[in-house]
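# Inside the fold
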Amino acid sequence: MVFILAGVALILIANNLSNLISHKSDNPVKREPYECGVETIGTTWVRFKIGYYLFALIFLIFDVEIVFLVPWSVVFKKMGGVALVDIIIFLVILGLGLVYALKKRALKWV
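Here we summarise the structure given alongside this text. (Residues numbered from 1 in each chain as written. Predicted model: local features only at pLDDT ≥ 70, side-chain atom pairs only at ≥ 80, totals over all residues. Heavy atoms only, no water.)

## A word on the overall build of the protein
For the protein, the helix and strand inventory stands at 3 helices and 2 strands. Secondary structure elements in the protein, listed N-terminal to C-terminal, are α-β-β-α-α. A compact globule built from 110 residues would reach a C-alpha radius of gyration of about 13 Å, whereas the protein, at 24 Å, exceeds it by more than 25%. For the protein, the spread of C-alpha atoms along the principal axes amounts to about 60 × 50 × 25 Å. Per-residue burial over the protein gives 6% buried out of 110 residues. Surface accessibility of the protein: about 10200 Å² in total, with carbon and sulfur atoms responsible for 73%. Here the protein holds 11 positive side-chain charges and 7 negative ones, and the gap between their average locations is 10 Å. (Helix = DSSP H or I, 4+ residues; strand = E, 2+ residues; numbered from the N terminus. Rg over C-alpha atoms; globule rule 2.2 N^0.38 Å. Buried < 20%, exposed > 50% of the residue type's maximum accessible area, 1.4 Å probe, protein only. Areas by Shrake-Rupley, 256 points an atom, 1.4 Å probe, with all protein chains shown as cover. Lys, Arg positive; Asp, Glu negative; His and termini not counted. Charge placed at Lys NZ, Arg CZ, Asp CG, Glu CD.)

And the structure:
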């Protein structure tokens, strides 16, 4: 309970302190949407297909796999067979996720 209160207090203090010492500028140009410094053409509220988000999430899942493979490769010699069995289980689970994504056609770029 003490940590929760301390966390909430630190967040409130940091937010209030940043509001007190930050420079405020109410410039209407700042509120205009732009893309890479170029003004947008047409409406700025564009709907994106959910497929783009699914594709990005699947990419992140397999990108995080590398984060786990690098430390495993460093300690593989020391751990021997245990590390090999662990990584095989890990890769099988990831492979099942890939098969599921392929069956759901989540990787089909439309």
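Still more ground to cover, so stick around.
## Focus on the environment of Ile-58
With respect to the secondary-structure elements, Ile-58 resides in helix H2 (residues 50-79). A sequence separation of 49 residues divides Ile-58 from Leu-107, and the C-alpha atoms of the two residues are 8.3 Å apart. Those residues in contact with Ile-58, other than ones at most four positions away along the chain, are Ala-101, Ala-106 and Leu-107. (Contact = heavy atoms within 4.5 Å.)

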